[in-house]
Amino acid sequence: MSQQAEERLARRRRASYVLGLYVLLNALNQFEWLRLAPITSRAAEYYGVDIGWVGGLAMIFPLLTCLLSLPLGWAIDRFGLRPGIRVAALLIAVGAATRCLGRFEWVFAGQVLIALAQPLLSNSVGTMAVLWFEGPARLRATGIATMSLFGGIALAFVLVPLLPENIGATLIGDAGVAGVLLFGALLMPGDPGHAAAHAEAAGGVALLRHGRFLAILGVSVLGNGFFGAIFTWLERMLQPNGFDSETAGLAGLLLLIGGIVASAILPGFANSPTRLRPVVIGPALLAVPATALLLATHERWLLLCAATTLGACLLSPLPVLIDMVQRLGGAARAGFALSLFWLAGNVGSFAITWLLSFPAETGDWRVGGIALVVLLLVQAALAFIALAPAGLEPATEAGD
């Protein structure tokens, strides 16, 4: 084997290591986010606190993500991928260990530390992909990395209820896993050499004047907002049709599983500029009848099919959109650009979830269903603008 071939093979191995480490850390972070959510009542009794305090543990994550997304996105661009991943792994490991100290105050403190890692990890997807992968492999890596985000959430809902009653003992297991991944992060290879050339160029506001980037932010507001609202109010949506909370929980799990599988498969079809629109717009349009069926059916099997389809439609375009954000931001601004993308999604999730609280309270989903369909159609229109098959030049500052 020639020296050049050996170097390419070594680079591919390093890239696979980085991707694998990122996937495991991201999945663990999402798992720990909702670690006590499926057993809220049991956890409240175990720690001797009100249920509201246990529910508040999950709220720490979106709150800190909104507050820290932009500065931590800039920091990833400025200081590089490896420092960001190492700090995230350290926060998760220390936070998981802190939660093992017994009292609820320590659980809360540990949850804050783990939550601080979330914006570091979520804003690193684009940087990881652009530094370590090229061509079609970059989009595949983005898809796998994105899949891990929802995989961790699904794992929490499946695995946590099956764990032993002794919550403290199971948290020790979490700390052990986090410690292994911290060790893996310490062994993480350095960023490819060309990353240093972009460090001084990080940041900037040119993205906010880029029409296509703004359209993608609009897609993020509506897409993430739609998914967050559906996931939050799913039980209330299904109650008028006679479905119990157990069926709603299964539908929510299938919503995630459909999205995980589709986000790993669908990006493979977006291997040319002309295929970007169908890959994003098609699922948005297919989500219209899936949403109607979800709200209208009284048959359990049809409900579960609709939930799986809807999850696939809502989550599958996410890797493509993240790749677009990374291209428009360029290597110098991938973290900052992605932080804007996630911030827009969190704002949309909060706003649309709040708007749908009104039909959730009344139980009349006719107007709510129409509103959801309108959101999907507007999302498709914005995607049509954002995903024009013309070249994707990074936004540049004057004088860059």
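Residues numbered from 1 in each chain as written. Predicted model: local features only at pLDDT ≥ 70, side-chain atom pairs only at ≥ 80, totals over all residues. Heavy atoms only, no water.

Draft legend 1. Region of the structure containing the overall build of the protein. On a plain count of helices and strands, the protein comes out with 15 helices and 0 strands. Relative to a compact globule of 400 residues, whose C-alpha radius of gyration would be 21 Å, the protein shows 21 Å and is just as compact. In terms of principal-axis extent, the alpha carbons of the protein reach across some 65 × 50 × 40 Å. Each of the 400 residues in the protein was classed as buried or not, and the buried ones make up 53%. A separation of at least 24 residues holds for 85% of the contacts in the protein among residues at least 6 apart in sequence. Carbon and sulfur atoms make up 69% of the accessible area of the protein, which totals about 17100 Å². Here the protein contributes 23 positive and 22 negative side-chain charges, whose respective centroids are spaced 9 Å apart. (Helix = DSSP H or I, 4+ residues; strand = E, 2+ residues; numbered from the N terminus. Rg over C-alpha atoms; globule rule 2.2 N^0.38 Å. Buried < 20%, exposed > 50% of the residue type's maximum accessible area, 1.4 Å probe, protein only. Contact = heavy atoms within 4.5 Å. Areas by Shrake-Rupley, 256 points an atom, 1.4 Å probe, with all protein chains shown as cover. Lys, Arg positive; Asp, Glu negative; His and termini not counted. Charge placed at Lys NZ, Arg CZ, Asp CG, Glu CD.)

Draft legend 2. Up close: the nonpolar core. Counting 122 residues, the largest nonpolar core has Leu36, Phe150, Ile230, Leu294, Leu310 and Phe341 as its most contacted members. Top contributing element to this core by residue count: helix H13 (residues 318-355), with 15 residues. In contact with Leu36, not counting residues within four places along its chain, are Ala43, Tyr47, Val54, Leu57, Val107 and Ile167. (Core = buried A, V, L, I, M, F, W, Y, C linked by side-chain atoms within 4.5 Å.)

Draft legend 3. Highlighting the packing of aromatic side chains. Throughout the structure, instances matching the rule amount to 9 aromatic pairs. Ring centres of Trp53 and Phe104 lie 6.5 Å apart, and the angle between their planes is 75°; on these two criteria the pair is classed as edge-to-face. Residue Trp53 is located in helix H3 (residues 51-79), and its partner Phe104 is located in helix H5 (residues 104-122); the two are separated by 51 residues in the primary sequence. One aromatic cluster is present, built from ring pairs that chain together Tyr46, Tyr47, Trp53, Phe104 and Phe108. (Phe/Tyr/Trp six-rings, centres within 6.5 Å; stacked < 30°, edge-to-face > 60°.)

Draft legend 4. A look at the pattern of salt bridges. Inspection of the entire model under this criterion finds 6 salt bridges. Between Arg99 and Asp174 there is a salt bridge whose closest N-O contact spans 3.7 Å. Note that Arg99 is positioned in the loop between helix H4 (81-98) and H5 and Asp174 in helix H8 (residues 167-186), a separation of 75 residues in sequence. Side by side, Arg99 and Asp174 carry an identical accessibility label, which is buried. For Arg103, the salt bridge goes to Glu105, with nearest N and O atoms at 3.5 Å. For Arg103, a relative accessible area of 53% gives the class exposed. On the accessibility criterion, Glu105 (49% relative accessible area) is partly exposed. (Salt bridge = Lys/Arg side-chain N within 4 Å of Asp/Glu carboxyl O.)

Draft legend 5. Helix H6 (residues 125-132), seen in detail. Summarising burial for H6: 8 of the 8 residues are buried, a large majority. When we look at burial in H6, the residues that qualify are Val125, Gly126, Thr127, Met128, Ala129, Val130, Leu131 and Trp132.

Draft legend 6. Looking closely at the environment of Ala115. Summarising the element assignment, Ala115 is placed in helix H5. With relative accessibility at 0%, the residue Ala115 sits in the buried group. Along the backbone, Ala115 and Arg82 are 33 residues apart, and their C-alpha atoms lie at a distance of 19 Å. Ignoring anything within four residues of it in the chain, the contact list for Ala115 reads Ile60, Phe61 and Leu64.

Draft legend 7. Highlighting the environment of Leu139. Along the chain, the position of Leu139 falls in helix H7 (residues 136-159). Look at Leu139 and you get buried, because its relative accessible area is 8%. Along the backbone, Leu139 and Pro267 are 128 residues apart, and their C-alpha atoms lie at a distance of 6.7 Å.

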